[in-house]
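So you can see what is in the structure, the chains are spelled out below.
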Amino acid sequence: KDGTLLIDDLNDGKMTIPDFDIPTSSYDIDKFTEKDGIITYENGQSALGINVNQNRGDIDWVKVKESGVEFAMIRVGYRSFKTGLITPDSKFEENMKGAKEAGVDIGVYFFSQAVTDAEAEEEASFVLQQIQGYQVTYPIAFDWEFAIKDDGSINEDSRTVNCTGEQITGFVDAFCKKIKKSGMTACYYADKAMGYEKLDLSRLSGYDLWYAEYQKAPSFHYDFKIWQYTSNGEVPGISGKVPINIALKSYGS
């Protein structure tokens, strides 16, 4: 009656979450299995992927492909959490070319610090312009996160510090709506806290969720299409740690 739902979360126990009238997760948790740090889903469509940005340096995409990686979410650019300026990812073109030549399916994402719907729309326009000429078969994703300090607290100096859940939902919707109108697959990135405590998921049900939870199996109550299960993966061809994902929907070429 109060718009909430009591659930028994696989990883966090009993929780009270918003009760949205949207599709719920139907994945069989027992079918997620891990071997050598790689999680697969044995009960349907799945594909192994990574997400990369300029901080990963030079990537040997042939080795990445040979290791079993099927898709990559490549950062197009980002907005500064202080100045608000949009900056292209310095490795975007190199990564797009390398992934394509190696036969890795491509999705892209933008790291947003938008504080208005207009800025989110501007970011979508920027992404659509930058990907012209590339074959993008995986989603175009909107990644909005609070700027976090080393101690895990929100950076009070960031331009986004006072953004409300209603506003953030609007930013996601504005970006994804423009992407979807272009004929591309729109997607947004969120972890459990963002999904339950900030976003109005009922407004975003027309877009795919790229869900982040660093566990052996995902426990989000509502439906999602890509699961990022670690930020500390190791992949041949990439120096340092890299986030690893599993797509649970057929996107690829």
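These remarks concern the structure in this document. (Residues numbered from 1 in each chain as written. Predicted model: local features only at pLDDT ≥ 70, side-chain atom pairs only at ≥ 80, totals over all residues. Heavy atoms only, no water.)

## Considering the layout of surface pockets
Turning to step 1, where the next piece is worked out: Approximately 390 Å³ is the volume attributed to the largest pocket.
Turning to step 2, where the next piece is worked out: Residue lining of the largest pocket: 16 residues in total, with Asn-51, Asn-53, Tyr-109, Asp-143 and Glu-145 positioned closest to the centre.
Turning to step 3, where the next piece is worked out: If you list the elements that add at least two residues to the lining of the largest pocket, you get β5 (47-52), β8 (105-112) and β12 (226-233).
Turning to step 4, where the next piece is worked out: Classifying every residue of the lining of the largest pocket gives seven nonpolar, five polar and four charged.
Turning to step 5, where the next piece is worked out: Empty space within the second largest pocket amounts to approximately 320 Å³. (1 Å grid on protein atoms, 1.4 Å probe; cavity = no way out; pocket = protein on both sides within 12 Å on 5 of 7 lines; lining within 4 Å. Points joined across faces, edges and corners; volume = space filled by probe spheres on them. Helix = DSSP H or I, 4+ residues; strand = E, 2+ residues; numbered from the N terminus. Nonpolar A, V, L, I, M, F, W, Y, C, P; charged D, E, K, R; others polar.)

## A short note on the packing of aromatic side chains
Turning to step 1, where the next piece is worked out: As enumerated under the stated definition, the model contains 20 aromatic pairs in all.
Turning to step 2, where the next piece is worked out: Ring plane angle 10° and centroid distance 4.3 Å describe the contact between Phe-71 and Tyr-138, whose orientation is recorded as stacked. With Phe-71 in strand β6 (residues 71-79) and Tyr-138 in the loop between α3 (117-130) and β9 (140-144), this residue pair connects regions lying 67 residues apart in the sequence.
Turning to step 3, where the next piece is worked out: On the basis of relative accessible area, Phe-71 is assigned to the buried category, the value being 0%.
Turning to step 4, where the next piece is worked out: On the basis of relative accessibility, which here comes to 4%, the residue Tyr-138 falls in the buried class.
Turning to step 5, where the next piece is worked out: Site record: aromatic cluster; members linked through ring pairs are Phe-20, Tyr-27, Phe-32, Tyr-41, Tyr-196, Tyr-211, Phe-220, Tyr-222, Phe-224, Trp-227 and Tyr-229. (Phe/Tyr/Trp six-rings, centres within 6.5 Å; stacked < 30°, edge-to-face > 60°. Buried < 20%, exposed > 50% of the residue type's maximum accessible area, 1.4 Å probe, protein only.)

## As for the packing of α3 against helix α4 (residues 165-181)
Turning to step 1, where the next piece is worked out: It is at 8 Å that the axes of α3 and α4 come closest, and there the two elements cross at 30°. Classified by the angle between their axes, α3 and α4 sit roughly parallel to one another. Between α3 and α4 lies a crossing of right-handed hand. Mapping the contact onto sequence places Asp-117, Ala-120, Glu-121, Glu-123, Ala-124, Ser-125, Val-127 and Leu-128 in α3 and Gln-167, Gly-170, Phe-171, Ala-174, Phe-175, Lys-178 and Ile-179 in α4.
Turning to step 2, where the next piece is worked out: Residues belonging to the contact of α3 with α4 are distributed by class as follows: eight nonpolar, three polar and four charged. (Axes fitted to C-alpha atoms, helices over the stretch in contact; angles between N-to-C directions. Parallel < 35°, antiparallel > 145°, perpendicular 65-115°, else oblique. Left-handed = near helix turned anticlockwise from the far one by under 90°. Contact = heavy atoms within 4.5 Å.)

## Some details on the pattern of salt bridges
Turning to step 1, where the next piece is worked out: By the definition in use, this model includes 16 salt bridges.
Turning to step 2, where the next piece is worked out: Where Glu-119 meets Arg-159, a salt bridge forms, and the shortest distance between an N and an O atom there is 2.9 Å. Pair noted here: Glu-119 is in helix α3 and Arg-159 is in the loop between β9 and α4, with a separation of 40 residues, a long-range link.
Turning to step 3, where the next piece is worked out: The exposure class assigned to Glu-119 is buried, which follows from its relative accessible area of 15%.
Turning to step 4, where the next piece is worked out: A residue is classified by how much of its surface remains accessible, and Arg-159, at 26% relative accessible area, is partly exposed.
Turning to step 5, where the next piece is worked out: Connected through salt bridges with shared partners, the residues Arg-79, Glu-119, Glu-122, Glu-123 and Arg-159 form a single ionic network. (Salt bridge = Lys/Arg side-chain N within 4 Å of Asp/Glu carboxyl O.)

## Description of the nonpolar core
Turning to step 1, where the next piece is worked out: Counting 69 residues, the largest nonpolar core has Ile-50, Trp-61, Val-108 and Phe-175 as its most contacted members.
Turning to step 2, where the next piece is worked out: No other element matches the seven residues that α4 contributes to this core.
Turning to step 3, where the next piece is worked out: Discounting residues that sit within four places of it in the chain, Trp-61 has contacts with Ile-50, Val-52, Ala-72, Ile-74, Glu-94, Asn-95, Gly-98, Ala-99, Ala-102 and Val-104.
Turning to step 4, where the next piece is worked out: Phe-71, Ala-141, Trp-210 and Ala-212 belong to the second largest nonpolar core, which has 13 residues in total. (Core = buried A, V, L, I, M, F, W, Y, C linked by side-chain atoms within 4.5 Å.)

## Brief notes about helix α2 (residues 92-102)
Turning to step 1, where the next piece is worked out: Of all the positions in α2, only Phe-92, Asn-95, Met-96, Gly-98, Ala-99 and Ala-102 are classed as buried.
Turning to step 2, where the next piece is worked out: Buried residues along α2 sit against β5, α1 (61-66), β6, β8 and α3.
Turning to step 3, where the next piece is worked out: Directly after α2, the chain includes Gly-103, whose backbone phi takes a positive value near 85°.

## Looking at the pairing of strand β2 (residues 13-18)
Turning to step 1, where the next piece is worked out: Bridge count between strand β1 (residues 4-9) and β2: six bridges; the pairing is antiparallel. Pairing of Leu-6 across the sheet is with Thr-16, part of β2.
Turning to step 2, where the next piece is worked out: Hairpin connection of β1 to β2: three residues between the antiparallel strands. (Pairing = 2+ DSSP bridges.)

Bear in mind that shape data such as this cannot, by itself, settle questions of function.
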